[in-house]
Amino acid sequence: MSHAVDNPSTAIEIAQAVASGATNASTVMDEHLARIEASETEVHAFNLVLADQARQHADALDARIAAGEDVGPLAGVPIALKDNMCTRGIATTCSSRILEGWEPPYNATVADRLANAGAILVGKTNLDEFAMGSSTENSAFGPTKNPHDLSRVPGGSSGGSAAAVAAGYVAASLGSDTGGSIRQPAALCGVVGVKPTYGAVSRYGLIAFASSLDQIGPFTHTVADAALVHEVIGGHDPLDSTSIPQPAPALTEVLDRGVDGLRVGLIDEMMGHGIDGISADVLARTNEAAEALAAAGAKVDRVSIPASIYGLSSYYLVAPAEASSNLSRYDGVRYGLREDGANVVEMNTATRTAGFGDEVKRRIMLGTYALSAGYYDAYYGKAQRLRTLLAQEFNEAYQRFDVLLSPTSPCTAFAFGDKTADPMAMYLNDVCTIPSNLSGDPAMSVPFGIGDDGMPVGVQVLAPATHEPVMFQVAAEVERLAAEAKGAAQ
Amino acid sequence: MSESDLPEGWELVVGLEVHVELATNTKLFCSCPNMFGDEANTNVCPTCLGLPGSLPVVNEQAVHFAMVLGRALGCTVQPSVFARKNYFYPDMPKDYQVSQYDLPTNGEGALELPDGYVVGIERAHIEEDTGKSTHVGGDGRISGADYSLVDYNRAGVPLVEVVSRPNMHTIEHAKAYVSELRDILLATGVSDAKMEEGSMRVDANVSVRPTGSTELRTRCEIKNVNSIRSMGRAIDYEAHRHIDLYNNNDAPRQETRHWDEANGRTRPGRSKEDADDYRYFAEPDLLPLDPTAAEIAAIDEAMPALPQQRRRALAEAAGLVPADVALVVERNQDELALAALAAGAGGAGVVKHLINNLADGAGQLTPEAFAGLVSMETRGDLSSTQAKTVLAELVANGGQPADVAAGLGFEAMDTSELEILVDGLIADNPDEWGRFCEGDKKIQGFFVGQIMKATKGQADGKVVNQLLASRASSS
Ligand SMILES: [Zn+2]
């Protein structure tokens, strides 16, 4: 059975209605909390729902609006944060036993920026432990279910944030994307998901998985909502040294510009010519999207990114290597879980053995090995060189194209347990999304039709670094064309 | 045996790694105060505690100080990359230390010791300090402790690690290196360089080899030396330990050893053979540093005079060699010396008094008075004993040397009075005079001593000698 919300209110609609007094934040919040009340026990999008706090904040916001205050562009919009983003005094777990009960003494920059824009935090969403996974099955607190079909995964690792939007629990949520962890669940849950340019959104307060790949971005029902949320959370943050020293680009104003004359490259390797395992229905929807864009005036052609074939191999050295270092601090000394031991080394070992799940341990071992003396050049060094090559190939492609197009996920949402026995099968879910993390370029997933199983399909729009405006411009057109195609089919 | 002497046939090989805490206002990657001695765990924040989600932002003052030190050591200041050094230890909040690895801020340089010996500098890189552990119970080490307390106030304090080449072959050179480095740190103001407070920490890599060999044998890294003197003792002990091992057909193992000041010996720490593989990789949370040529030029432009330059300047002005004036510069008295020289004093006299008689400071002594005193002594108006007495008075109460000498009754003795005394002495001691005239140098002291006795030390020894020589040549 489906708990996906029909005809949801968008963030923009809510903010306009609340700001104008057509409704108030408390009413909006009650509607969303009611949906959570109705089906969250089945969906399990959240690790923590802050119902009381959310109601209080909605009341306070209404009072400010009544006093004539401009409370920001996301006035009264219920939002959720992936549970790897720090929230002051609110448990932040990364869906790991090792951080269970830990309350950060500070807020992630994105949490502050959303709050300052009038958004109201409803809860912290479930994820694969430390964002390592593609199905949310690696959460220490149990999996999240796909609101479209509770027998299927929502994707991952930001499965909770994708499901929370798809189920109408919130109008927008944030996820983090290290190899596809926003875009893949967005595709599987039928919502919009954006992985911005590396450095476009501050990582301050995002609990690191792989620092050179991690990027925060929004889940929303619409491209316009994603543009608005990106405008709020993006822009320079002096607390993140890798943050791009520029304000967030204006995105909401470019959405109705169409695609006439824009050059769109369909990535060959991801369309059945190089990367195996992309299912026929997903390929068909992606081709339809390309054809529709051409019909709308875009110049569509094929483009080859040969190094994309090796993206997965490179990623599974770089990401675990950085993770092995980032996750060292969970040693039982200062916070989170501590298991006793006869001495400090035994305490460290016992804590990490009990606190981390299998996938996290697998990647720590992989990364530790990849960085070891004598292996560094063959593994980590080589993987880094592949990143450089991939970025060059993308840059060359962007000499000829404004944006690129591909499937987001090789398949629609799969059943629980389908891929848990074979880590490689699970890793392949990210084969089309990983290259953008390695190159640092932006990419986003937009729903486009359904698969043979009736589950949502997403197509991916890719753009050069810091070229979010043209990416959103094309994504908005894809969204319109998807609606037209759906209307024509009905 | 002097501590710099090894048994015949052996040569000492020492390389030093010196960790210097930079005197910045705040820590390396956060805005917590960089303060020594505050209540434990009060100068901390999410970043220096390594809390999940926190990120580092590099302190520009720390980078500037590191580059100043690099330029003072003649290093190439180059584009650099922070790297993570991964190992588990409770006082290291992230269980990795942000340091620099293959691309340090400061590359190859050199440090010239006062005697002119040049010690090679391999690198001087920036890194963050760890917290401070106190192990309670057991033998004071973490392994046997009942429990440990950690103070993270020091975590994230900026350090520069200055790594020398292993080209010091005497303990004196090792000690002079540390002393010289400390003087440079103080002159540039980049650190307060207090070994006893740990703001300057020296690890000595010690090995020995047969004299004449160029091999580098197994070294041991000696930690926990808290003064230059301790370091000298530790190196001496360790070198002899190595020689004893070799002489017994054994060899040292590569390991870290701790200096035990109370018992005057080193004891084994962690063996390097089973040491961690640090798995260095570029720190992804920080951007590379890429100083511009203009920045480096500005550092050179603003560089204060360094000890080596000050020694050279003073030596040149005084007509001496740099080693002669090292102590004067070390005591920061070169400014006074140069002023006295400019006022007309002779270099040897100025340096002699500064080293021998002004170790505790110059007090009320003005450069002009100092120059006047040295000149009076040089002219023979004052004997060296008188000069020392007058100098002490000038230091204590100021004034002019001629007035002070007159006040003390140190009238320059008339040469004719001296001549009468000398002639009388010759007449009274004909045998001794005969020996003197035959060139017996030992008897010279007898005549000088008798004259000094007769004048209560007021005669100028130089003048007496001249008189004796002229009487001998004319007799
Ligand atoms: Zn701090």
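Please read these numbers as outputs of a predicted model, since none were measured by experiment.

A. A look at the overall build of chain A. From N to C terminus, chain A includes 15 helices and 11 strands. Taking 2.2 N^0.38 as the reference for a compact globule, 490 residues should give roughly 23 Å; the C-alpha atoms of chain A span a radius of gyration of 21 Å, in line with that estimate. Taken over the C-alpha atoms alone, chain A extends approximately 65 × 55 × 45 Å along its principal axes. For chain A, the proportion of its 490 residues judged to be buried stands at 63%.

B. Representation of the interface of chain A and chain B. Listed as interface residues are 34 residues of chain A and, on the opposing side, 27 residues of chain B. Looking at the side of chain A that touches chain B, its residues break down into 17 nonpolar, 11 polar and 6 charged.

C. Examining the sheet that holds strand β2 (residues 82–86) of chain B more closely. Residue and element names in this part refer to chain B. An order of β3-β2-β13 is seen for the 3 strands of this open sheet, with the pairing classed as antiparallel. Of all the strands in the sheet, just β3 (96–100) and β13 (281–282) have a single pairing partner and so form its edges. Inspection of the sheet shows β2 paired to β13 by 2 bridges, in the antiparallel sense. Opposite Ala 83, over in β13, you have Ala 282 as the bridge partner.

D. The arrangement of the pairing of strand β5 (residues 192–195) of chain A in detail. All names here are of chain A. Of the two faces of β5, the one lined by Val 192 and Val 194 and the one lined by Gly 193 and Lys 195 are each fully buried. Looking at chain direction, β5 and strand β6 (residues 215–220) are connected through 2 bridges and run antiparallel. Residue Val 192 lies in a different strand from β6, and its bridge partner there is Thr 220. Pairing geometry for β5 and strand β10 (residues 443–450), over 3 bridges, is antiparallel. When the bridges of β10 are listed, Gly 193 appears paired with Ser 445.

E. Representation of the packing of helix α9 (residues 311–326) of chain A against helix α12 (residues 377–400) of chain A. Residue and element names in this part refer to chain A. The contact between α9 and α12 brings their axes to 9 Å, and the two run at 125°. Relative to α12, the element α9 is oriented oblique. Every pair of crossing elements has a handedness; the one defined by α9 and α12 is left-handed. Note on element contacts: α12 touches α9 through Tyr 379, Tyr 380, Ala 383, Gln 384, Leu 386, Arg 387 and Leu 390, opposite Gly 311, Ser 314, Leu 317, Val 318 and Ala 321. Here the contact of α9 with α12 is composed, by residue class, of 8 nonpolar, 3 polar and 1 charged.

F. Just the sheet that holds strand β4 (residues 172–177) of chain A, in detail. Residue and element names in this part refer to chain A. Reading across from one edge, β1-β3-β2-β4-β6-β5-β10-β11-β9-β7-β8 is the order of the 11 strands in this open sheet, with mixed pairing throughout. In this open sheet, the two strands that pair with only one neighbour each are β1 (46–49) and β8 (299–303). On average, each strand axis in the sheet is tilted by 30° relative to the strand beside it, whichever way the strands run. Bridge count between strand β7 (residues 263–267) and β8: 5 bridges; the pairing is parallel. Paired with Leu 266 across the strands is Arg 302, a residue of β8.

G. The arrangement of unusual backbone geometry in detail. For the peptide bond that leads from Gly 156 of chain A to Ser 157 of chain A, omega is 10°, which places it in the cis range. Within the secondary structure layout, Ser 157 of chain A lies in the loop between β3 (120–125) and α5 (159–166). Even without being glycine, Asn 41 of chain B reaches a positive phi, approximately 55°. Checked against the element boundaries, Asn 41 of chain B lands in the loop between β1 (10–21) and α1 (60–72). What makes Asn 41 of chain B partly exposed here is the crowd of 14 C-beta atoms within 10 Å.

Reading the values: rules and limits
- Residues numbered from 1 in each chain as written.
- Chains lettered and ligands numbered in written order.
- Predicted model: local features only at pLDDT ≥ 70, side-chain atom pairs only at ≥ 80, totals over all residues.
- Helix = DSSP H or I, 4+ residues; strand = E, 2+ residues; numbered from the N terminus.
- Rg over C-alpha atoms; globule rule 2.2 N^0.38 Å.
- Buried ≥ 20, exposed ≤ 12 C-beta atoms within 10 Å, placed from the backbone.
- Contact = placed C-beta atoms within 7 Å.
- Nonpolar A, V, L, I, M, F, W, Y, C, P; charged D, E, K, R; others polar.
- Pairing = 2+ DSSP bridges.
- Axes fitted to C-alpha atoms, helices over the stretch in contact; angles between N-to-C directions.
- Parallel < 35°, antiparallel > 145°, perpendicular 65-115°, else oblique.
- Left-handed = near helix turned anticlockwise from the far one by under 90°.

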